[in-house]
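Fold and contact review
Residues per chain are reported as follows:
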Amino acid sequence: MRKIKKILRNFLKNHHKLRVIVRKVNTARKVNGYKIIAKNVKIDDKTILFETFMGRQYACNPRAIYEYMINDSRFDDFEFIWIFNDENKGNEFPALTRARIIKAKTREAMEAYAKAKYIITNSNLDNRVSKKKGQVIMQTWHGTPLKKLRCDITAEEGNVNNTLEEIRWKNDMDVVRYDYFLSPSPFASEKFISSFRMKELGIENIIAETGYPRNDLLFNYTEEDVRREKELLGIPADKKVILYAPTFRDNSHDGVGYVYDTHMDFDRLRRELGEEYVILFRAHYFIANSFDFDKYRGFVYDVSLVDDITPMYLITDILITDYSSVSFDFANLRRPIMFYMYDLDEYADSIRGFYFSVDEMPGDILRTEDELIDSIKNCDTSSFTPDERYERFNSKFNCIDDGSAAARATEVIFGER
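Read on for an overview of the structure.

Cut-offs used in this document
Residues numbered from 1 in each chain as written. Predicted model: local features only at pLDDT ≥ 70, side-chain atom pairs only at ≥ 80, totals over all residues. Heavy atoms only, no water. Helix = DSSP H or I, 4+ residues; strand = E, 2+ residues; numbered from the N terminus. Buried < 20%, exposed > 50% of the residue type's maximum accessible area, 1.4 Å probe, protein only. Contact = heavy atoms within 4.5 Å. Areas by Shrake-Rupley, 256 points an atom, 1.4 Å probe, with all protein chains shown as cover. Salt bridge = Lys/Arg side-chain N within 4 Å of Asp/Glu carboxyl O. Core = buried A, V, L, I, M, F, W, Y, C linked by side-chain atoms within 4.5 Å. Axes fitted to C-alpha atoms, helices over the stretch in contact; angles between N-to-C directions. Parallel < 35°, antiparallel > 145°, perpendicular 65-115°, else oblique. Nonpolar A, V, L, I, M, F, W, Y, C, P; charged D, E, K, R; others polar. Arc of directions from axis to C-beta. Phe/Tyr/Trp six-rings, centres within 6.5 Å; stacked < 30°, edge-to-face > 60°. Pairing = 2+ DSSP bridges. Right-handed = clockwise from strand over helix to strand, strands pointing away.

Another point: the overall build of the protein. Helix and strand content of the protein: 16 helices and 13 strands. When each of the 417 residues of the protein is scored for burial, the buried share is 57%. Intrachain contacts of the protein at a sequence separation of at least 6 include 72% that bridge at least 24 residues. Counting only carbon and sulfur atoms, one obtains 49% of the accessible surface of the protein, whose full area is about 18900 Å².

With that settled, the discussion passes to the pattern of salt bridges. Under the definition given, this model contains 34 salt bridges. Between Glu276 and Lys240 there is a salt bridge, and its shortest N-O distance comes to 3.0 Å. One end of the pair, Glu276, is in the loop between α10 (266-273) and β9 (277-281); the other, Lys240, is in strand β8 (residues 240-245), and 36 residues separate them in sequence. A residue is classified by how much of its surface remains accessible, and Lys240, at 23% relative accessible area, is partly exposed. For Glu391, the salt bridge identified is with Arg334, shortest N-O distance 3.2 Å. Highlighted residues: Glu391 in helix α15 (residues 388-397) and Arg334 in the loop between α12 (326-330) and β12 (337-340), separated in sequence by 57 residues. Residues joined by salt bridges that share partners form a network here, namely Glu79, Arg100, Glu108 and Lys115.

In terms of nonpolar packing, the biggest core is built from 70 residues, with Tyr113, Phe181, Phe192, Met198 and Leu280 touching the most fellow members. With 5 residues, helix α4 (residues 107-115) is the largest single contributor of residues to this core. Residues within four places of Phe192 in sequence aside, it is in contact with Trp141, Gly143, Pro145, Leu149, Phe181, Leu182, Ser183, Pro184, Arg197, Met198, Ile207 and Tyr212.

Turning our attention to the packing of helix α3 (residues 60-69) against helix α16 (residues 405-414). Relative to each other, α3 and α16 sit at 80 degrees, their axes nearing to 9 Å. Between α3 and α16, the interaxial angle falls into the category roughly perpendicular. Residue-level inspection shows Ala64, Ile65, Tyr68 and Met69 of α3 in contact with α16, the latter providing Ala406, Ala407, Ala409, Thr410 and Phe414. Tallied by class, the residues present in the contact of α3 with α16 amount to 8 nonpolar, 1 polar and no charged.

For helix α14 (residues 369-377), every residue scored as buried is listed here: Glu369, Leu372, Ile373, Ser375 and Ile376. Looking down the long axis of α14, one finds its buried residues gathered within 160 degrees of arc, a one-sided arrangement. Residues of α14 that are buried make contact with β8, α10, β9, β11 (318-321), β12 and β13 (365-366).

Enumeration according to the criterion identifies 35 aromatic pairs in this entry. On the numbers, 6.2 Å between centres and 40 degrees between planes, the contact of Phe50 with Phe80 is tilted. Of this pair, Phe50 sits in strand β1 (residues 44-51) while Phe80 sits in strand β2 (residues 79-84), and the two are 30 residues apart along the sequence. Classification of Phe50 as buried rests on a relative accessible area of 0%. Ring centres of Phe181 and Phe192 lie 4.9 Å apart, and the angle between their planes is 50 degrees; this geometry places the pair in the tilted category. Separated by 11 residues along the polypeptide, Phe181 in strand β6 (residues 180-183) and Phe192 in helix α6 (residues 186-195) bring together distant segments of the chain. By relative accessible area, Phe181 is classed as buried at 0%.

Moving on to the sheet that holds β2. Ordered in space as β3-β2-β1-β4-β5-β6-β7, the 7 strands form an open sheet in which the pairing is parallel. Each edge of the open sheet is held by one strand with a lone partner, namely β3 (99-103) and β7 (207-209). Strand-to-strand twist in this sheet, taken as the mean axis angle between neighbours without regard to direction, amounts to 25 degrees. As judged from the 4 bridges shared by strand β4 (residues 116-121) and strand β5 (residues 136-139), these two strands associate in the parallel manner. Bridging from a neighbouring strand, Ile119 pairs with Ile137 of β5. Across the face of the sheet, α3 comes into contact with β1, β2, β3, β4, β5 and β6 while running at roughly 140 degrees to β1.

What follows covers unusual backbone geometry. Its identity as a non-glycine residue notwithstanding, Met54 has a phi of 55 degrees, on the positive side. Note on placement: Met54 falls in the loop between β1 and α3. Despite not being glycine, Lys105 has its phi angle at roughly 65 degrees, a positive value. Following the sequence through the fold, Lys105 ends up in the loop between β3 and α4. Classification of Lys105 as exposed rests on a relative accessible area of 57%.

Turning our eyes to something else, we now look at the pairing of β1. As paired strands, β1 and β4 are joined by 5 bridges and run parallel to one another. Across the sheet, residue Phe50 finds its bridge partner in β4, namely Ile120. Assessed by its sense of winding, the connection that carries the chain from β1 through α3 to β2 is right-handed.

Function cannot be inferred from these measures alone, as they are strictly geometric.
Now the structure itself:
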């Protein structure tokens, strides 16, 4: 079945007009099916539904808001629902014992969407879900943008999965359902309004500058949280931790999912850094190919399938990333960040493009592995102090985060805005 899907996707990828027709017909069929189900389901004013990354994970801003709510007595008599692709997800996290777990894309899930008074998501909401009168939908999103988003992408061809026409069509269908859209800064608000076409759709007032709830942990953590995370991942207590978290490339797709090459010589890294460091490798959730690090057991830990990246920041001494939004969140900890941008020219000019110069990023831009290794060796993590550029970065992009964003996001829906 996977091979058949790949063949069909490759065919439609090269026949744009036919692909648009197929997608619109298929979407209309799903929406009509949902409406039939939803018509017979009454909205429950005390039901809140959560999902993260289209059912993939228990993580990010919805998780932080949920865990805030279950500790708030105002919600003692509320029903909480989580939608997951894996219905066994609830067994992994004690906090989910308070929630009802439902498998994504089932009839039960469609009934749950129709029942919930409140829906909180951080990515694309299932496109078959049409908003019912009286429902409230909060889009928390999942990062501050360096790379251009959605309708701000100007490459003529769009990307490997969508033409510009398709991007706008899918965007408009998605965004008009939202009542609130969380933002971590005035900068991000401006880019969200533009990239999601909020002004054109007459809904720019849905922006709520609360900061990102997922970053509350970075202000409120304890040493016990640090110890627990190292123990959970099996990291030796005497090792420093490098977190390598690259993003996906829009032009690297195999017809089923995005693929990625780590662009690192782990043999060399182990020789030169293995006495002092271990590496946590975290692939973007869009990336479909798997990685075999058995050869580097005890040095490289593949944490790509761990749901939530935020607790990993607590044990990270150095973050290495590229164009991912992880650097914005991590910068709240004021620890070293290195930007390994081996394909910077291609990415900036022909893949995605940026909203601002990478020279504003809070760390050095490294183009080669030699530069990266030298930078790590010369980094004194114990005495690191953010420079003026780093502090300017936080003032511009993290000016609202302070450890209370989940409380503010909750008040947006349930209190005075």
